[in-house]
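Observations on the three-dimensional arrangement
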Amino acid sequence: SAVISQKPSRDICQRGTSLTIQCQVDSQVTMMFWYRQQPGQSLTLIATANQGSEATYESGFVIDKFPISRPNLTFSTLTVSNMSPEDSSIYLCSVEEAGRGTEAFFGQGTRLTVV
Amino acid sequence: AQSVTQPDIHITVSEGASLELRCNYSYGATPYLFWYVQSPGQGLQLLLKYFSGDTLVQGIKGFEAEFKRSQSSFNLRKPSVHWSDAAEYFCAVGAILTGGGNKLTFGTGTQLKVEL
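Owing to the predicted nature of the structure, the values given are computational and were not obtained by experimental measurement.

This brings us to the interface of chain B and chain A. Listed by partner, the interface residues are 23 residues for chain B and 18 residues for chain A. Summed over the three residues of chain B that lose the most area to chain A, namely Leu-44, Asn-102 and Phe-106 of chain B, the buried surface amounts to 25% of that side. In this structure, Lys-103 of chain B engages Glu-58 of chain A in a salt bridge whose closest nitrogen and oxygen atoms are separated by 2.6 Å. Where chain B packs against chain A, one counts five residue pairs in polar contact (both at pLDDT 80 or more). Counting only elements with at least two residues in the side of chain B that touches chain A, the list comes to strand S5 (32-38), strand S6 (44-50), strand S10 (87-96) and strand S11 (102-106) of chain B. A breakdown of the residues in the side of chain B that touches chain A according to their chemical character gives eleven nonpolar, ten polar and two charged.

What follows is the structure, given as structure tokens:
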């Protein structure tokens, strides 16, 4: 199974600032996904990030707020821009390995608190 | 659009007792179904998955789940719970994305507490 490292593991940020979360995978993967888990709630897909193309955002999420980069098959970043307390959540990176169909693996998440 | 309902927010069982966590889904086609477990401070770990075939699926850590199309359910079971099973459990349904890959829609989760 893929090993996924997310940085930072947690952060406390001031409102109005931006935070970039990194996701590193130990193998090449086709599909990378970013999820948000708000306090006490379930996971919601933010966007799908494929290498060499623009990220595809789910309803309710926009590129200006959550810009994503996917420069190669092992790395992606998610930026949370112009943060407000409502952005306080756990952000998780997920990958699907090529050839393994629809089995998704998750990183440990980034716990973000906006004050 | 697909959806998942986990009707039990919290469940408490005694160690050694059996466990069943409920999951109901809504999806227009044959679903891909998953159960994940999330321990405190950890990411999600896949317990088991159903794509097709045998409706009783075996997973890791002694868990199993049964797909019942007539009831739109995919309940998770374990015959004897261990204290280390205390965690949050998420049921998810997968849908194929237009550009490839699989979008997971998660339920709200069931927090399992195990009493010694």
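That was the structure; now back to the text.
Let's shift gears to the side chain of Glu-88 of chain B. The residue Glu-88 of chain B is located in strand S10 in this model. In this view, Glu-88 of chain B contacts Tyr-36, Val-37, Gln-38, Thr-108, Gly-109, Thr-110 and Gln-111 of chain B; residues no more than four positions away in its chain are not counted.

Now for unusual backbone geometry. Between Lys-7 of chain A and the following residue, Pro-8 of chain A, the backbone shows a cis peptide bond with an omega angle of -10 degrees. Along the chain, Pro-8 of chain A turns up in the loop between strand S1 (4-7) and strand S2 (10-13). Although it is not a glycine, Lys-61 of chain B adopts a positive phi angle of roughly 60 degrees. Residue classification places Lys-61 of chain B among the partly exposed residues on the basis of a relative accessible area of 46%.

Here we come to the environment of Cys-91 of chain B. All names here are of chain B. Within the fold, Cys-91 resides in strand S10. On the accessibility criterion, Cys-91 (0% relative accessible area) is buried. Put simply, Cys-91 and Thr-108 are 17 residues apart on the chain and 8.2 Å apart in space, counted from C-alpha to C-alpha. Discounting residues that sit within four places of it in the chain, Cys-91 has contacts with Val-4, Gln-6, Cys-23, Phe-34, Trp-35, Thr-105, Phe-106 and Gly-107.

Looking now at the state of the cysteines. Residue and element names in this part refer to chain A. Enumeration according to the criterion identifies two disulfides over all chains in this entry. Each sulfur in the disulfide pair Cys-23 and Cys-93 lies 1.9 Å from the other. Disulfide Cys-23-Cys-93: the torsion about the S-S bond is -65 degrees, which places it as left-handed. In this pair, Cys-23 sits in strand S3 (residues 19-25) while Cys-93 sits in strand S9 (residues 89-97), placing the two residues 70 residues apart along the sequence.

Here is what the cut-offs are and how they apply
Residues numbered from 1 in each chain as written. Chains lettered and ligands numbered in written order. Predicted model: local features only at pLDDT ≥ 70, side-chain atom pairs only at ≥ 80, totals over all residues. Heavy atoms only, no water. Contact = heavy atoms within 4.5 Å. Buried area = accessible area lost by both parts, 1.4 Å probe. Salt bridge = Lys/Arg side-chain N within 4 Å of Asp/Glu carboxyl O. Polar contact = N/O pair within 3.5 Å; in protein donor to acceptor, adjacent residues only side chain to side chain. Helix = DSSP H or I, 4+ residues; strand = E, 2+ residues; numbered from the N terminus. Nonpolar A, V, L, I, M, F, W, Y, C, P; charged D, E, K, R; others polar. Buried < 20%, exposed > 50% of the residue type's maximum accessible area, 1.4 Å probe, protein only. Disulfide = S-S within 2.5 Å.

All we've got here are geometric facts, nothing functional implied.
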